[in-house]
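# Geometric and topological summary
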Amino acid sequence: MEFTEDQIFSLAPDESSKKSGKELANPSKWSKRQFSERALWGECQGSGKLPYQTQVDLSNVAFKCSCPSRKFPCKHGLGLMLLYARDRKLFSQASEPDWVTGWLDKRTEKEEKRVEKKTKEKSVDPAAQAKRQENRLKRVEEGMGELRLWINDIVRNGFLNIPGRGPAYFEAMAKRMVDAQAPGLAAMVRKLGSVNFFQDAWQTPFLDQLIRIYLLLEGFPRMESLSTELQSEMKTWIGFTQSQEEVKAESGIRDDWFVLAKQSDKEENLNIERNWLYGLQSQRYALILQFYVKGQIPEVNLLPGSWIDAELCYFKGSHPLRALVKQQYGVKQPGVVPGLPSWNDVMGSISKILAVNPFLENFPVIIDNVIPIKGNNQWMLKDEAGGGVTISQSFQFPWKLMALSGGAPLKVFAVGKEHEFEPLGVWVNGNYKLLV
Amino acid sequence: MKFWDGIINNATLGSAKMPLRSHDLPEYITESIELNEQTEPEEDFLRLAGLAYQYRQAGSTALDLNLISQSPAAKEEFPYASPTSTSIFKTIMSEELYPLLILWLQQCESKRVLTEPELIPELLEIASRKKELRKIILTVCGKRGEWLSKLNPEWDFYTVTSDVNSIWQTGKPEERKELLRELRVSDPSKSIELLQSTWDSEGANEKAAFLEILRTNLVDTDRVWLESLKEKGQKVNSIILDLLKSIPSSAVVQHYWNTVKDAVTIRTGKALLGMINKTVIEVNENFPVPESVFKAGIEKLSSNKQVSDNQHIWFQLISAVPPSNWNEHFNQNCQTIIELFRKEKKSAIYLPALVLAAIKFRDVQWMKDLLDHSEEDLIASSVGLLVRALPGRDRNAYAVRFIKQKPQELIPILLEQNEEWSVELARAILRFTANEVYAYNKTFYKPASSLIPIKMLEELDSFMPSEDQKKVYWKTQSDELSRLLDIKKQILQSF
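Keep in mind that what you see is a predicted model, and the values were worked out from it rather than measured. (Residues numbered from 1 in each chain as written. Chains lettered and ligands numbered in written order. Predicted model: local features only at pLDDT ≥ 70, side-chain atom pairs only at ≥ 80, totals over all residues. Heavy atoms only, no water.)

## With respect to the domain arrangement of chain A
Residues and elements named next belong to chain A. Cut-off, in case you're wondering: For the domain bounds, the source is a domain assignment made automatically or taken from a database. Any two residues whose heavy atoms approach within 4.5 Å at even a single point are treated as in contact. Buried area is a sum: the accessible area each of two parts loses on coming together, probed at 1.4 Å, counted once for each and added. The numbering of helices and of strands both runs from the N terminus, where a helix is a DSSP run of H or I of at least 4 residues and a strand a run of E of at least 2. As a working rule, the residues Ala, Val, Leu, Ile, Met, Phe, Trp, Tyr, Cys and Pro are called nonpolar, Asp, Glu, Lys and Arg charged, and the rest polar, with Gly in that last group.
Entries for chain A in the domain assignment read domain 1 (5-115), domain 2 (133-238), domain 3 (244-331) and domain 4 (343-434). Each of domain 3 and domain 4 has a C-alpha centre, and the two are 22 Å apart. Between domain 3 and domain 4, the contact holds 13 residues from the first and 14 residues from the second. Buried surface at the junction of domain 3 and domain 4, both sides included, amounts to about 1100 Å², of which 75% is carbon and sulfur. On the domain 3 side of the interface with domain 4, the three residues burying the most area are Leu260, Tyr285 and His319, jointly 41% of the side's total. Residue assignment for the side of domain 3 that touches domain 4 shows that the elements contributing at least two residues are strand 6 (253-267) and strand 7 (270-279). Broken down by element, the residue count for the side of domain 3 that touches domain 4 peaks at 5 residues, all from strand 6. Of the residues contributing to the side of domain 3 that touches domain 4, the split by class is 9 nonpolar, 4 polar and no charged.

## Overview of a nonpolar patch on the surface
Residues and elements named next belong to chain A. So the rule is basically this: Like charges are joined within 9 Å and nonpolar side chains (Val, Leu, Ile, Met, Phe, Trp, Tyr) within 5 Å, but only among residues with over 30% relative accessible area and no salt bridge; these make up the patches. Where accessible areas are quoted, they stem from the Shrake-Rupley method and a 1.4 Å probe; at the residue level, only the protein chains shown are allowed to cover. Take a side-chain nitrogen of Lys or Arg and a carboxyl oxygen of Asp or Glu: if they are within 4 Å of each other, that pair is a salt bridge. For every residue, the accessible area (1.4 Å probe, protein chains only) is compared with the maximum for its type, and the residue is labelled buried under 20%, exposed over 50%, or partly exposed between those bounds.
Together, Leu270, Phe291 and Val293 make up an exposed nonpolar region whose accessible area comes to about 230 Å². Among the structural elements, Val293 can be located in strand 8 (residues 285-293). Exposure remark for Val293: the relative accessible area of 38% places this residue in the partly exposed category.

## Some words on the packing of helix 5 (residues 98-110) of chain B against helix 6 (residues 120-129) of chain B
All names here are of chain B. Operational definition: Inter-axis angles, ranging from 0 to 180 degrees, are taken between N-to-C directions of lines fitted to C-alpha atoms, where helices are fitted over the stretch in contact. Throughout this description, any angle smaller than 35 degrees is read as roughly parallel, any larger than 145 degrees as roughly antiparallel, any in the 65 to 115 degree range as roughly perpendicular, and the remainder as oblique. Left-handed describes a crossing in which the near helix is turned anticlockwise from the far one by less than a right angle; the clockwise case is right-handed.
The N-to-C vectors of helix 5 and helix 6 enclose an angle of 115°; their axes lie 13 Å apart at closest approach. With respect to each other, helix 5 and helix 6 are oriented roughly perpendicular. Helix 6 is crossed by helix 5, and the crossing has left-handed handedness. Contacts between helix 5 and helix 6 involve Tyr98, Leu101, Trp104 and Leu105 from the former and Leu123, Ile126 and Arg129 from the latter. Residue composition of the contact of helix 5 with helix 6, by class: 6 nonpolar, no polar and 1 charged.

## A look at the pattern of salt bridges
All names here are of chain A. Per the counting criterion, the structure on display carries 55 salt bridges over all chains. Note that Arg107 is salt-bridged to Asp57, the shortest N-O span being 3.0 Å. With Arg107 in helix 4 (residues 98-119) and Asp57 in strand 3 (residues 52-57), the pair connects residues that are 50 residues apart, well separated along the chain. Looking at Arg107, the relative accessible area reads 27%, which means it is partly exposed. Taking relative accessible area as the criterion, Asp57 reaches 6% and is therefore assigned buried.

## Quick look at the sheet that holds strand 5 (residues 92-93) of chain A
The strands that make up a sheet pair up through hydrogen bonds in the backbone, lying either parallel or antiparallel. Residue and element names in this part refer to chain A. As a reminder, the rule being used: The pairing criterion for strands is at least two bridges between them, as found by DSSP.
Pairing within the open sheet is mixed, and its 5 strands lie in the order 4-3-2-1-5. The sheet terminates laterally at strand 4 (62-65) and strand 5, the two strands that pair on one side only. Alignment of strand 1 (residues 30-35) against strand 5, held across 2 bridges, turns out to be parallel. By the bridge assignment for strand 5, Phe35 is matched with Gln93. Those strands touched by helix 3 (residues 75-86) are strand 1, strand 2 (39-44), strand 3 and strand 4, and its axis lies near 60° from that of strand 3.

## Quick notes on the interface of chain A and chain B
For clarity, the threshold we go by: Within 3.5 Å is the distance limit for a polar contact, defined as a pair of N or O atoms, with the added protein rule that one can donate a hydrogen and the other accept it, and that residues adjacent in sequence qualify only through two side-chain atoms.
Contacts between chain A and chain B engage 58 residues on the former and 52 residues on the latter. Per-residue buried area on chain A facing chain B is highest for Val155, Trp399 and Glu418 of chain A; these three make up 12% of the total on that side. Our count for the contact surface shared by chain A and chain B stands at 7 salt bridges. In this structure, the connection of chain A to chain B is made through 29 residue pairs in polar contact (both at pLDDT 80 or more). Examining the composition of the side of chain A that touches chain B, we find that 9 residues originate from one element, helix 9 (residues 203-219) of chain A, more than from any other. Across the side of chain A that touches chain B, the residue classes tally to 23 nonpolar, 18 polar and 17 charged. The pairing of strand 13 (residues 387-391) of chain A with strand 1 (residues 63-64) of chain B spans 2 bridges and is classified as antiparallel. Of the residues in strand 1 of chain B, the one forming a bridge with Gly387 of chain A is Asp64 of chain B.

## What to know about the pairing of strand 4 of chain A
All names here are of chain A. By the bridge criterion, 4 bridges tie strand 3 to strand 4 in an arrangement that is antiparallel. Bridge pairing in strand 4 links Val56 to Phe63. Linkage of strand 3 to strand 4, two consecutive antiparallel strands, is achieved through a turn of 4 residues.

## Concerning the state of the cysteines
Threshold: Any two cysteine sulfur atoms within 2.5 Å of one another count as a disulfide.
Under the counting rule described, the total for this entry stands at 0 disulfides over all chains. Not engaged in a disulfide, the cysteine Cys67 of chain A finds its nearest cysteine sulfur in Cys65 of chain A; these two sulfurs lie 3.6 Å apart.

## Topic: the side chain of Arg212 of chain A
Here Arg212 of chain A shows up in helix 9. Residue Arg212 of chain A is classed as buried on the basis of its relative accessible area of 4%. Looking at Arg212 of chain A, its side chain comes within polar contact range of the side chain of Tyr53 of chain B, at 2.7 Å. Apart from the residues lying within four places of it in its own chain, the contact partners of Arg212 of chain A are Met188, Phe359, Glu361 and Lys417 of chain A together with Tyr53 of chain B.

Okay, structure coming up:
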């Protein structure tokens, strides 16, 4: 498996770790540098008497180091992997020493136990569960009734005074939804309040979000007439969570998955990581969402631009995207990801998805032969037939995209809807480049 | 989508003032769905807007961009740099190691390879901030860089450099100065041509600023134009005079020479009771000085009590004429003349004037001979000035000789140069800085890394200071320097 430096840096917990990792990507710092089929290890002299023993699981990327650092991965893990990515010749192939074998075996054993444990059904009291469910439904319905009145109020009075209402107006209703045990609706209300009222035509995203809430409020009482997939979808939007154990208990899709992009965000102390994947045989996209606080280790480490052999389980829903990695079997050799031929084909496929799930907000797409261009002060992606979409205003790397293209067509991975998409990666001469 | 704009109008005013009805939507949206009008206008609005929203989303088609086109970048003539050198570039940029960036760019240029396209925006951004790197950046960015820069007015340096006259005629003051600065280096005669073309219409401040730029590469051919200028302003005239004072063939320098040449003579007399001949240089301090010399910038009065007014006048005159004139005048080489000046206390006081003259007229031979044959006191006071004025290779050689005596004075000067230090010089500098761990830290080693040869990597441990308390500091600094030199080594190996 080839790793690029960008891929490795994407695993670093912070900037200082990146810098220290680079400093340690120096053969003179390592007294031992070896690798096997499944791991990479080395010994680095630190400030202590004995050298630190650093190891990297190459098949399901993970790190372990005997240094006292609380960062994960530590600078030694990053440095060792960077050195391996830069010059593999510096490492000799060897049989794994006990300290490496022990760790790898423990990892495998742990993973198996975890899957086994999670798949075992928890013993629950069905009567108590039904009672709790009934109570919750009642509270949600009451909350929805209030939310409906609140929306009607906005519609009756018009949007004119909305920007002046301030965040408290939305926060009060969001809190009410939390009390009503509908955290999904609370998040939707918060999103409504977070519309940028200073941007031109803010009314459209505001109304779009208002309508999405309205659709949920209208659909909920009629749930029984809808498909089970859409029922699950709506429940998720309202805030009924599906436990990871339940999701992983289902049989998943084992495929060669290409890691298309990793988008990281921070909300207060919480890191939110969105990993976009594409399955070569299943031809399905998957979104692996991970939430973790600072200092915590994300459950899976996915390297954008890499191929993994893994079994993924999707959350229940109508045309679901969100999934979990049930088991990772190792890395795979690069394959060729197919793209759609035109934007109208993209729009057509999105229409089909919307027909079964009107709540989806963003759609991942891979499209062939599009040229990034600038016209009317806006960045756009134009296909061979002359059709196109605009690039989101929030996209930070339009010049990098232009430089990579040089006015020639590219295969692009983008996420968006209608006429606005954000490119996250491109293929240049068969090599995948991240737009970060 | 007009129907959506209509809905937004309704939404803005509110359903109480402007209710939305099914007939407000186009028939193609409402025809296939049975819509019963509700009693509440809010309900109607949400139902109809919800329907239109679904229609808008699901019925979306691609924008027609047939009218927007752009030609692709021309094919590159040279290959791209290796992936390894690209990743080193990223390290350099993330740590803002600009001195090493210059080395990286020079390597690209000398090996005739181009930077990977993805790096071009970052490089063009640097080019917009660091004008001195613009030329080399444009070279290594190739055709793709040229194509990209034309799409961004802030990076369009190619157009700027190609149309010199229009920038000179219509450009902003800073652009004009920049252009003049560039031309002064690349084509000095063209810079004079441009100045002449608009000189009469320039204001006094502009004239002064442009003349200051002429100090770079001042040549004999500039003299004719500078001497022909008849300016009213004192500020401009004073700069013109100052410039002419640096041109050996100018009337003012000639006037100084004609005054000073007969006052300085070589005299041979008897010494040791007439047993030997003694040759000395004499400066006749009572030699008449025409009034015109004082009008041409020579001060009459000394501000130093230990220097008489006459000595002050002759000191100024000796420092204002090319030192090579004395070689011809006395038919002697520099060493002999310096030794003659050194012989007598009365003449030795004029040696610093010769130092100033050698620097002013950029006379390398005189500078070297002054460093080789002067007394310690003179060297101590002028070694910094002379070493700074020497060209690269000579500077290295003389710096090695004098670094032990004047490390603090010479190191900042040596940091300014572009050429790498010789191994010997780097060794001498590191031997000093390793012992001065508190004064020389990361802020010194970062810019110095591009000047220190990578051979020093093997020797860093040998500079360990003897004092225990300094050892820990040096270890930290030597680790940092080792890392920087390692990046430098990788740059050199990756091309």
